[in-house]
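Survey of secondary and tertiary structure
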Amino acid sequence: MVSVAEMRKQNVIVPEEFAITRVMASPSRPGLAVSCKKMFSQLDGGRIGAWVDSMRASSPTRVKAAPALAPSITAASDQEYDGWVEQHPSALSNFDDVVAASKGKRVVLFLDYDGTLSPIVDDPDRAFMSDSMREAVRDAARHFPTAIVSGRCRDKVFSFVQLRELYYAGSHGMDIRGPVKATKHTKAKAKAVSFQPASEFLPMIDEVYKALVERTKSIQGSMVENNTFSLSVHFRCVEEKKWSSLAEQVRSVLKDYPKLRLTLGRKVLEIRPSIKWDKGKALEFLLESLGFAHCSNVFPIYIGDDCTDEDAFEVLRDREQGLGILVSRCAKETNASFSLREPAEVKEFLRRLVEWKKQTP
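Here's what I pulled together on the structure shown here.

Parameters at a glance
- Residues numbered from 1 in each chain as written.
- Predicted model: local features only at pLDDT ≥ 70, side-chain atom pairs only at ≥ 80, totals over all residues.
- Heavy atoms only, no water.
- Helix = DSSP H or I, 4+ residues; strand = E, 2+ residues; numbered from the N terminus.
- Buried < 20%, exposed > 50% of the residue type's maximum accessible area, 1.4 Å probe, protein only.
- Contact = heavy atoms within 4.5 Å.
- Pairing = 2+ DSSP bridges.
- Polar contact = N/O pair within 3.5 Å; in protein donor to acceptor, adjacent residues only side chain to side chain.
- Axes fitted to C-alpha atoms, helices over the stretch in contact; angles between N-to-C directions.
- Salt bridge = Lys/Arg side-chain N within 4 Å of Asp/Glu carboxyl O.
- Expected span 1.5 Å × (residues − 1).

Structural notes on the overall build of the chain
Along the backbone of the chain there are 12 helices and 12 strands. Counting over 361 residues, the chain shows a buried share of 50%. Look at the contacts in the chain between residues 6 or more apart in sequence, and 65% of them connect residues 24 or more apart.

What to know about the sheet that holds strand E12 (residues 338–340)
Pairing is mixed in the open sheet, where 8 strands are placed in the order E5-E4-E3-E2-E1-E10-E11-E12. In the strand order of this sheet, the two ends are held by strand E5 (194–195) and E12, each with one partner. Relative to strand E4 (residues 175–177), strand E3 (residues 167–170) runs antiparallel, the two being bridged by 3 bridges. Within E4, the residue paired with Gly170 across the bridge is Asp175.

Quick look at the side chain of Thr216
Position of Thr216 among the secondary structure elements: in helix H8 (residues 202–216). Only 2.7 Å separates the side chain of Thr216 from the backbone oxygen of Leu212, close enough to count as a polar contact. The contacts of Thr216, once residues within four sequence positions are left out, are Ser222, Val224, Leu246 and Gln249.

Examining unusual backbone geometry
Of note, His172 is a non-glycine position whose phi angle comes to about 60 degrees, a positive value. With respect to the helices and strands, His172 occurs in the loop between E3 and E4. With a phi angle near 60 degrees, Lys267 is a residue other than glycine that sits in the positive phi range.

As for the side chain of Ser90
Assignment of secondary structure puts Ser90 in the loop between helix H4 (70–87) and helix H5 (95–101). Since its relative accessible area comes to 15%, Ser90 is described here as buried. Polar side-chain contacts of Ser90 include one of 3.1 Å to the backbone nitrogen of Ser93. Filtering out sequence-adjacent residues up to four positions away, Ser90 remains in contact with Val85, Phe338 and Ser339.

Looking at the sheet that holds strand E9 (residues 268–273)
Read across the sheet, 4 strands follow the order E6-E7-E9-E8 without closing on themselves; strand pairing throughout is antiparallel. Strands at the two margins of the open sheet, each flanked by one partner only, are strand E6 (223–226) and strand E8 (260–265). This sheet shows a mean twist of 20 degrees between the axes of neighbouring strands, independent of strand direction. Along the sheet, helix H9 (residues 243–254) makes contact with strand E7 (231–234), E8 and E9, crossing E9 at roughly 5 degrees.

Topic: the environment of Met55
Following the sequence through the fold, Met55 ends up in helix H3 (residues 48–58). With a relative accessible area of 0%, Met55 lands in the buried category. Separated by 210 residues in sequence, Met55 and Gly265 have C-alpha atoms that sit 8.5 Å apart. Among all residues touching Met55, those that are not within four sequence positions of it are Phe235, Trp243, Ala247, Leu264 and Leu269.

Let's talk about the pattern of salt bridges
Evaluated as defined, the whole model comprises 21 salt bridges. Put simply, Glu135 and Arg138 hold a salt bridge, and the shortest N to O gap is 2.6 Å. Of this pair, Glu135 and Arg138 both sit in helix H6 (residues 131–143), 3 residues apart, which is roughly one turn of that helix. Glu135 gets classed as partly exposed once you look at its relative accessible area, which sits at 34%. On the basis of relative accessibility, which here comes to 22%, the residue Arg138 falls in the partly exposed class. Across the salt bridge formed by Glu135 and Arg142, the nearest N and O atoms sit 3.9 Å from each other. A single salt-bridge network, built from bridges that share partners, covers Glu135, Arg138, Asp139 and Arg142.

Thoughts on H8
Compared with the 21 Å implied by 1.5 Å per residue over 15 residues, the 21 Å span of H8 between its first and last C-alpha is a close match. Elements in contact with the buried residues of H8: E6, E7, H9, E8 and E9.

The values are spatial; any link to function lies outside them.
Right under this line is the structure:
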């Protein structure tokens, strides 16, 4: 077992260092963290103060509470999370309910990468998945059609996962590619999978990338990542007092590109084309490509930890088909039905799913 000290050396955010989330009251669920839609609407408003508020809400900083206050803060957070789990029960503790819902149906797996298959780390280039997680995903793919759906560049995600038998949807689903060889999961009416709905934006994305690198180079700790069809401005290593400066620089670039839109992830600003395409659309496209577009006997399971995964959760909810599982240690508004706390639980869930499949006639 990896020690906490070893995790810190690898820049992993260890459990006891997770922050107590800043919360905003919600009419439907008082006390829960601000919703993704609320954050995105604040970004659309254009005020820097609102941007920074959204940045805080989406990615709470580590709390350095006074020793005397820490126990009460932790207790309040635990109580809130316990109440939230009643509405979004653990997919592990309620595993029998999950598989019962899929009885007689074909399970298809969709997995986010960062924060789901790998820990969240300070350096996004070092978000490596463990060998044991890779083996769990490989085993799952032997029994179920499996896709990785990430905001990262597809090639970058593949370099982390290194499994050729999977389907990959990078850049929030704007760069989709299936296995080179047909798999046993592919139905006769399935299509060859290769899709890039935002190709015309490539020159613009490259232009904005260069501009953002230049504008943000003076802000220590910031990093701009080119995901081919989208961009990520990471601020995990930026001092919070510098967030407004970073937001101002990003806005100063984007004001000249109305065809691009800004969304928030965990300690990251995401910039992508303003087209009607997201992880939810990618999920639907992949189901169609696999030959399951109009099948009532398919059961998609989508596991993710980020605001951008909510589009996929919403699709499953609206289809009344399959289920979404949110990976989170704190209470959040979500369209997911179930929850898991961390990548380690995701790994265990995948293992149990494989064992269940092996025992199913």
